[in-house]
Amino acid sequence: MDPDTVIAAVSIFTAGITIAIGSVGPALGEGRALAQALSAIAQQPDEASTITRTLFVGLAMVESTAIYCFVISMILIFANPFWNHFLQATGS
Amino acid sequence: MDPDTVIAAVSIFTAGITIAIGSVGPALGEGRALAQALSAIAQQPDEASTITRTLFVGLAMVESTAIYCFVISMILIFANPFWNHFLQATGS
Amino acid sequence: MDPDTVIAAVSIFTAGITIAIGSVGPALGEGRALAQALSAIAQQPDEASTITRTLFVGLAMVESTAIYCFVISMILIFANPFWNHFLQATGS
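Because the structure is a prediction, the values reported are computed rather than measured.

The rules behind these values
- Residues numbered from 1 in each chain as written.
- Chains lettered and ligands numbered in written order.
- Predicted model: local features only at pLDDT ≥ 70, side-chain atom pairs only at ≥ 80, totals over all residues.
- Heavy atoms only, no water.
- Contact = heavy atoms within 4.5 Å.
- Buried area = accessible area lost by both parts, 1.4 Å probe.
- Salt bridge = Lys/Arg side-chain N within 4 Å of Asp/Glu carboxyl O.
- Polar contact = N/O pair within 3.5 Å; in protein donor to acceptor, adjacent residues only side chain to side chain.
- Helix = DSSP H or I, 4+ residues; strand = E, 2+ residues; numbered from the N terminus.
- Nonpolar A, V, L, I, M, F, W, Y, C, P; charged D, E, K, R; others polar.
- UniProt positions renumbered as here; feature names shortened; annotations may be inferred.

**A look at the interface of chain B and chain C**
Between chain B and chain C, the residue contacts involve 46 residues of the former and 50 residues of the latter. In total, chain B and chain C occlude about 3800 Å² of area from one another, counting both sides; carbon and sulfur atoms represent 82% of this. Taken together, the links from chain B to chain C amount to 0 salt bridges. Taken together, the links from chain B to chain C amount to 5 residue pairs in polar contact (both at pLDDT 80 or more). Among the elements of the structure, α1 (3–22), α2 (24–43), α3 (48–78) and α4 (81–89) of chain B are those that each provide at least two residues to the side of chain B that touches chain C. Per-class residue counts for the side of chain B that touches chain C are 28 nonpolar, 16 polar and 2 charged.

Quick look at the structure:
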């Protein structure tokens, strides 16, 4: 296999596996927080607005870890500096 | 495979797997803390501001571990000293 | 593969996997401590300041384990004595 092929194959596989593994934790964490929020609203309906606001700000924090994985996957696909190097090296 | 290809392939794979595994723990930890915060607000609505403040400062501490992984991934992609060495060694 | 390539590849992979695995435990531990602190504040609101102070000192201790992994990763990338040895041995 020539270098181009190896780099392209590794980039593709890594981009997929990164977001695949990286989405497991955030999804479970957000699901748990959301489940507890619904339980808390049922327990204290008068505080629904406070609970909802805290929930959404917190979910944004959890979501950020999934976004890190998404950013790395996108970089590996569309702005991969190693791939650009091998493209220039082979003159294609 | 020549050294350039090996180093590039390892850097790509490691950058992806680092943030993938590194996001699981923070996401689960933040989800658990957020769930408990919502439960605590439902239990003591009068202390909502204290609970919320403690929650967000604590979430920032947990988030920092995910940021460490993100920093290492970015360094491996864009500021990899080993890659720069092999680029200079091959004169390309 | 020549020695330079092997050492660089192993250093890159180890740097990534170190902080990836090393962040899982601290994140889960901090999430658990934070969750319990919020539960304690809801149970004894009058002691909120004592609970918060103890929480943050404790979180700093837990965070230190993640920082150890981060330091090792950074050393492997930017101040690796083995890598420097092979650089001098090959005269490049």
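**Quick notes on the interface of chain A and chain B**
Chain A puts 46 residues into the contact, and the matching count from chain B is 49 residues. Between chain A and chain B the total buried area reaches about 3800 Å² when both faces are included, carbon and sulfur atoms providing 82% of it. If you look at where chain A meets chain B, you find 6 residue pairs in polar contact (both at pLDDT 80 or more). The element contributing the most residues to the side of chain A that touches chain B is helix α3 (residues 48–78) of chain A, with 17 residues. For the side of chain A that touches chain B, a count of residues per class yields 28 nonpolar, 16 polar and 2 charged.

**A word on the UniProt feature "transmembrane region" (unreviewed entry) in chain A**
Residue and element names in this part refer to chain A. The sites that UniProt annotates as "transmembrane region" (unreviewed entry) are residues 6–28 and 55–79. Counted over residues 6–28, helix gives 96% and strand 0%. Its end C-alpha atoms are 34 Å apart. The distance separating the terminal C-alpha atoms of residues 55–79 is 34 Å; by composition the span is 96% helix and 0% strand.

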